[in-house]
Amino acid sequence: MESKIWLSSPHMSGKEQSYVQNAFDTNWIAPLGPHVDGFEDDIQNYLKEDSLVAALSSGTAALHLGLIILGVKQGDEVICQSKTFSASANPIVYQGATPIFVDSENDTWNMSPELLEEAIKDRIKKGKKPKAIIAVHLYGMPYKADEIHTIAKAYNIPVLEDSAESLGSTYKEQKCGTFGDISILSFNGNKIITTSGGGALVTKNQEWKEKAVFLATQAREKAVEYHHKSIGYNYRLSNVLAGIGRGQMEVLDDRVKARRAVYKAYEDNFSNIEDISFLDEPTSAFSNRWLSCILTPSETVREALRLKLLEQNIETRPLWKPMHQQPIFESCPSYLNGVSDALFKKGLCLPSGSNLTENELDRVISAIKTYFRA
Ligand SMILES: *Cc1c(COP(=O)(O)O)cnc(C)c1O
């Protein structure tokens, strides 16, 4: 059997170990320390737009604190893109609130602005104005920020921007991760850069950044004795992992280039296969192409292709199963147009890692060409 080709695997630069060694040498083996501050600075300098960053233990933790800071409580409703990974929606439930799912549009595969407005109007008519909107840049493709944020502003609802998959992407030259009232990043093992596990909350609001750090460190009031006036969490990033993050930030732009090159190789090689189509970048968008995705004509073809590739030890994955189809969220109100259901049936994510070797990429391409007899 040939060696396994993964969908998206960690890709170290080699510089991470010197940062980690420094954490050991100085005995900063704690959920605070100079690398945490340095990593936050690195991200702030990268994102610009006056972004303030709180480094956290995961993207999920960042979403949870984001909802708390936006005031989401028991019984509230929060609008969330249906086509996403479950971590976008779970923190709504941590707060005892109800997710309201909104379907996608074909241009970006992200939240449909039209359906978003329809959902907001309908929820208000039914008696509850949504407390927040969670919009996601899926697979690195920016959502239509102008449209989504204009609607959100018109109804005075804050946006929690889930940029877990889109660090390095831009919309109209502005970096993803800087559009939300609060934005989040993820540094999980499969993301474009990784700290093995980690995340960040991004905001321009100094008070909110401080609140995120406060809540993430057990909500300890400034007193020598441990004094608590609110419920806290243990969500801060460790100084050791932040060291990995500092090494990764140095190569982020290279990782984006490499992922885009993988996507381009698929696009070039499959251009004459009628049964494969791609999601083009709208003119306003620059995608980090975190995962390279293709659409096939049907679920039958998609599944047969997936199994064929698996036989050759090549890992692929269907596009995210929409949240409105998940048993756990079945009873949540949803505003649907069929787009995310169709994408789920037809779509497949191909191996996309920035460290794919030429030989591995050739294996994937020739296996797919063989399948379609191209
Ligand atoms: C990975 C991911 C998250 C969660 O990030 P973690 O760091 O794994 O907790 C949230 N939303 C989306 C869209 C993701 O892909």
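Criteria and thresholds
- Residues numbered from 1 in each chain as written.
- Predicted model: local features only at pLDDT ≥ 70, side-chain atom pairs only at ≥ 80, totals over all residues.
- Heavy atoms only, no water.
- Helix = DSSP H or I, 4+ residues; strand = E, 2+ residues; numbered from the N terminus.
- Rg over C-alpha atoms; globule rule 2.2 N^0.38 Å.
- Buried < 20%, exposed > 50% of the residue type's maximum accessible area, 1.4 Å probe, protein only.
- Contact = heavy atoms within 4.5 Å.
- Areas by Shrake-Rupley, 256 points an atom, 1.4 Å probe, with all protein chains shown as cover.
- Lys, Arg positive; Asp, Glu negative; His and termini not counted.
- Charge placed at Lys NZ, Arg CZ, Asp CG, Glu CD.
- Pairing = 2+ DSSP bridges.
- Axes fitted to C-alpha atoms, helices over the stretch in contact; angles between N-to-C directions.
- Domains from an automatic or database assignment.
- Buried area = accessible area lost by both parts, 1.4 Å probe.
- 1 Å grid on protein atoms, 1.4 Å probe; cavity = no way out; pocket = protein on both sides within 12 Å on 5 of 7 lines; lining within 4 Å.
- Points joined across faces, edges and corners; volume = space filled by probe spheres on them.
- Nonpolar A, V, L, I, M, F, W, Y, C, P; charged D, E, K, R; others polar.
- Salt bridge = Lys/Arg side-chain N within 4 Å of Asp/Glu carboxyl O.
- Polar contact = N/O pair within 3.5 Å; in protein donor to acceptor, adjacent residues only side chain to side chain.
- Core = buried A, V, L, I, M, F, W, Y, C linked by side-chain atoms within 4.5 Å.

Caption draft 1: Seen up close, the overall build of the chain. Looking only at helices and strands, the chain features 12 helices and 14 strands. For 374 residues, the compact-globule formula gives about 21 Å, and the C-alpha radius of gyration of the chain, at 21 Å, lands near that figure. Each principal axis of the C-alpha atoms in the chain carries an extent, and together these give about 70 × 60 × 35 Å. Of all 374 residues assigned to the chain, the portion counted as buried reaches 56%. Of the contacts made within the chain by residues no fewer than 6 positions apart, 73% connect residues no fewer than 24 positions apart. Accessible surface for the chain amounts to roughly 16,100 Å². Of this, 50% is attributable to carbon and sulfur atoms. Looking at the chain, you have 41 positive and 47 negative side-chain charges, and the mean spots of the two groups are 3 Å apart.

Caption draft 2: Local environment of the sheet that holds strand β3 (residues 98-102). Strand order across the open sheet formed by 8 strands is β1-β9-β8-β5-β4-β2-β3-β13, with mixed pairing between neighbours. Of all strands in the sheet, those bounded by a partner on one side alone are β1 (52-56) and β13 (334-335). Here 4 bridges tie strand β8 (residues 182-186) to strand β9 (residues 199-203), and the two strands are oriented antiparallel to one another. By the bridge assignment for β9, serine 183 is matched with valine 202. Docked against the sheet, helix α2 (residues 34-47) engages β1, β8 and β9, running at close to 135° with respect to β1.

Caption draft 3: Summary view of the domain arrangement of the chain. For the chain, the assigned domains are domain 1 (16-249) and domain 2 (252-373). Counting residues at the interface gives 45 residues for domain 1, matched by 38 residues for domain 2. Between domain 1 and domain 2, the buried area comes to about 3,800 Å², and carbon and sulfur atoms account for 63% of it. Contact with domain 2 buries area across many residues of domain 1, yet Trp109, Tyr139 and Ile192 alone supply 22% of it, more than any other trio.

Caption draft 4: The environment of asparagine 27, seen in detail. Inspection of the secondary structure assignment puts asparagine 27 in the loop between α1 (16-25) and α2. Among the residues examined, asparagine 27 registers a relative accessible area of 63% and is labelled exposed. Remark: the alpha-carbon pair of asparagine 27 and valine 78, spanning 51 residues in sequence, is separated by 42 Å.

Caption draft 5: Layout of the layout of surface pockets. By volume, the largest pocket is sized at about 460 Å³. Leu32, Val213, Phe214, Thr217 and Arg236 are the residues nearest the centre of the largest pocket, which is lined by 17 residues in total. With 5 residues, the single largest contributor to the lining of the largest pocket is helix α7 (residues 206-216). Residues belonging to the lining of the largest pocket are distributed by class as follows: 6 nonpolar, 4 polar and 7 charged. When its volume is computed, the second largest pocket comes out at roughly 340 Å³. Considering the residues around the second largest pocket, the lining is formed by 19 residues, among which His149, Lys153, Phe179, Gly180 and Asp181 are closest to the centre.

Caption draft 6: Structural context of the side chain of aspartate 103. Here aspartate 103 shows up in the loop between β3 and α5 (113-125). One buried charge, aspartate 103, has no salt-bridge partner; the nearest side chain with opposite charge is lysine 83, at 7.8 Å. For aspartate 103, the side chain forms a polar contact with the main-chain nitrogen of glycine 338, separated by 3.2 Å. Residues within four places of aspartate 103 in sequence aside, it is in contact with Asn110, Met111, Ser112, Leu115, His324, Tyr335, Leu336, Asn337, Gly338, Val339 and Ser340.

Caption draft 7: Focus on the nonpolar core. Of all hydrophobic cores here, the largest spans 36 residues; its most connected members are Tyr139 and Leu167. When contributions to this core are tallied by element, the ones reaching two or more residues are α2, β1, β9, α8 (239-249), α9 (252-269), β11 (292-295) and α11 (339-346). Taken domain by domain, the makeup of this core includes at least three residues from each of domain 1 (16-249) and domain 2 (252-373). Dropping the residues within four chain positions of it, leucine 167 is found in contact with Tyr46, Leu47, Leu185, Phe187, Ile192, Ile193, Leu252, Val256 and Asn288. The next biggest cluster of nonpolar side chains, apart from the first, holds 32 residues, and it includes Val78, Ala97, Ala212 and Cys332.

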